[in-house]
Amino acid sequence: MPVNFSSRAALAAGLIGLVVIVSALVLQHGFGYAPCPLCLEQRWPYYIGVPIAFILAFIGDRLPRKVIAAALLLLAILFAYGCGLGIYQAGAEWEYWLGPANCAAGNIGSNPANVGGLLDAIDSSTVVSCTNPSLRILGLSLAGWNAIVMAVMVLISLKGALSAAKSG
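My aim in this report is to walk through the structure given alongside it, one point at a time. What you see is a predicted model; the values in this text were computed from it and never measured. (Residues numbered from 1 in each chain as written. Predicted model: local features only at pLDDT ≥ 70, side-chain atom pairs only at ≥ 80, totals over all residues. Heavy atoms only, no water.)

Observations regarding the layout of surface pockets
Part 1 of the argument: The space that makes up the largest pocket amounts to roughly 660 Å³.
Part 2 of the argument: Taken together, the elements giving at least two residues each to the lining of the largest pocket come down to helix 1 (5-31), helix 2 (37-59), helix 3 (65-93), strand 2 (127-129) and helix 5 (142-167).
Part 3 of the argument: A total of 6 residues in the lining of the largest pocket trace back to one element, the largest contributor, which is helix 1.
Part 4 of the argument: Partitioning the lining of the largest pocket into residue classes produces 20 nonpolar, 11 polar and 2 charged. (1 Å grid on protein atoms, 1.4 Å probe; cavity = no way out; pocket = protein on both sides within 12 Å on 5 of 7 lines; lining within 4 Å. Points joined across faces, edges and corners; volume = space filled by probe spheres on them. Helix = DSSP H or I, 4+ residues; strand = E, 2+ residues; numbered from the N terminus. Nonpolar A, V, L, I, M, F, W, Y, C, P; charged D, E, K, R; others polar.)

The structure is reproduced here in structure tokens:
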């Protein structure tokens with residue numbers, strides 16, 4: 001049985017999302033780039049959307065076309081939310097608007113067993129701001145790249161939903 005476009009769209013969204021979230025985790029845990037709270041929130045559409053996209057890619061042919069279309073439309077909405085977060089953070093980084101006032105996270109590392117250990121952990125922690133990117137790639141922060149990738153995933157999901165709706 002030939003694979004339909006909606007399954008390919010779901011697979012593409014899942015693969016793209018998997019590459020992005022694994023890259024973010026490698027940057028964090030392998031290279032020490034601590035994420036801010038807004039960065040962590042931008043990961044949730046990947047955590048939720050990637051497994052759903054893979055499920056649709058692999059069992060979608062057994063589901064009614066309307067279900068596939070609805071699921072891909074919901075993925076597009078989820079990815080649009082992630083895109084919006086990326087745009088918001090990137091805009092705050094470029095000072096087009098203010099970022100969240102309370103957006104800073106510490107990277108304390110381990111759970112100290114006593115107060116002295118806690119004070120040492122606080123002294124060695126890194127505070128991460130949502131408006132001060134620690135890494136830019138080709139002039140864009142990771143939030144900017146996230147907005148672009150999420151926009152592509154929105155388009156892929158919408159095209160897959162449209163294809164499923166037309167075929168059913």
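Moving on from the coordinates now.
Describing unusual backbone geometry
Part 1 of the argument: Residues other than glycine seldom take positive phi values, yet Glu95 does so here, at roughly 65°.
Part 2 of the argument: The topology assignment puts Glu95 in the loop between helix 3 and strand 1 (104-106).

Thoughts on the pattern of salt bridges
Part 1 of the argument: The full count for this structure, using the stated rule, is 1 salt bridge.
Part 2 of the argument: As a salt-bridge pair, Asp61 and Arg65 come within 3.9 Å of each other at their nearest N and O atoms. (Salt bridge = Lys/Arg side-chain N within 4 Å of Asp/Glu carboxyl O.)

Observations concerning the environment of Gln89
Part 1 of the argument: Mapped onto the elements, Gln89 comes out in helix 3.
Part 2 of the argument: For Gln89 and Asn132, which are 43 residues apart along the polypeptide, the C-alpha to C-alpha distance reads 9.6 Å.
Part 3 of the argument: With residues up to four places along the chain from it excluded, the contact list for Gln89 reads Cys36, Leu38, Cys39, Gln42, Cys130 and Ala143.
Part 4 of the argument: A polar atom in the side chain of Gln89 sits 2.4 Å from the side chain of Gln42. (Contact = heavy atoms within 4.5 Å. Polar contact = N/O pair within 3.5 Å; in protein donor to acceptor, adjacent residues only side chain to side chain.)

A few points about helix 2
Part 1 of the argument: Between its terminal C-alpha atoms helix 2 stretches 34 Å, which fits the 33 Å expected from 23 residues at 1.5 Å a residue.
Part 2 of the argument: Taking the largest bend as the criterion, helix 2 deviates by roughly 30°, centred on Gly49, and proline Pro51 comes between one and four positions later.
Part 3 of the argument: Those residues of helix 2 that sit buried are Leu38, Gln42, Arg43, Pro45, Tyr46, Gly49, Val50, Ala53, Phe54, Leu56 and Ala57.
Part 4 of the argument: Looking at the buried residues of helix 2, the elements they touch are helix 1, helix 3 and helix 5. (Expected span 1.5 Å × (residues − 1). Bend = angle between axes of the 7 residues up to and from the residue. Buried < 20%, exposed > 50% of the residue type's maximum accessible area, 1.4 Å probe, protein only.)

Some thoughts on the nonpolar core
Part 1 of the argument: By size, the foremost hydrophobic cluster in this structure holds 26 residues, and its most contacted members are Tyr46, Leu56, Leu72, Leu75 and Phe79.
Part 2 of the argument: Of all the secondary structure elements, the ones that give two or more residues to this core are helix 1, helix 2, helix 3 and helix 5.
Part 3 of the argument: With 9 residues, the single largest contributor to this core is helix 3.
Part 4 of the argument: Each residue touching Leu72, except ones within four places of it in the same chain, is listed here: Ser6, Ala10, Leu56, Ser157, Gly160 and Ala161.
Part 5 of the argument: In terms of nonpolar packing, the next biggest core, distinct from the first, is built from 6 residues, Leu38, Leu85, Cys103 and Val128 among them. (Core = buried A, V, L, I, M, F, W, Y, C linked by side-chain atoms within 4.5 Å.)

Things to note about a nonpolar patch on the surface
Part 1 of the argument: Judged by side-chain polarity, Leu18, Val22, Val26, Phe31 and Tyr33 come together as a nonpolar surface patch covering roughly 440 Å² of accessible area.
Part 2 of the argument: Looking at where Leu18 falls in the secondary structure, it is placed in helix 1. (Patch = residues over 30% accessible without salt bridge, like charges linked within 9 Å, V, L, I, M, F, W, Y side chains within 5 Å. Areas by Shrake-Rupley, 256 points an atom, 1.4 Å probe, with all protein chains shown as cover.)

Quick look at the packing of helix 3 against helix 5
Part 1 of the argument: The interhelical angle for the contact between helix 3 and helix 5, taken along N-to-C directions, is 165°, at an axis separation of 7 Å. Relative to helix 5, the element helix 3 lies roughly antiparallel. In this structure, helix 3 meets helix 5 at a crossing whose hand is left-handed.
Part 2 of the argument: Split into classes, the residues belonging to the contact of helix 3 with helix 5 amount to 21 nonpolar, 8 polar and 2 charged. (Axes fitted to C-alpha atoms, helices over the stretch in contact; angles between N-to-C directions. Parallel < 35°, antiparallel > 145°, perpendicular 65-115°, else oblique. Left-handed = near helix turned anticlockwise from the far one by under 90°.)

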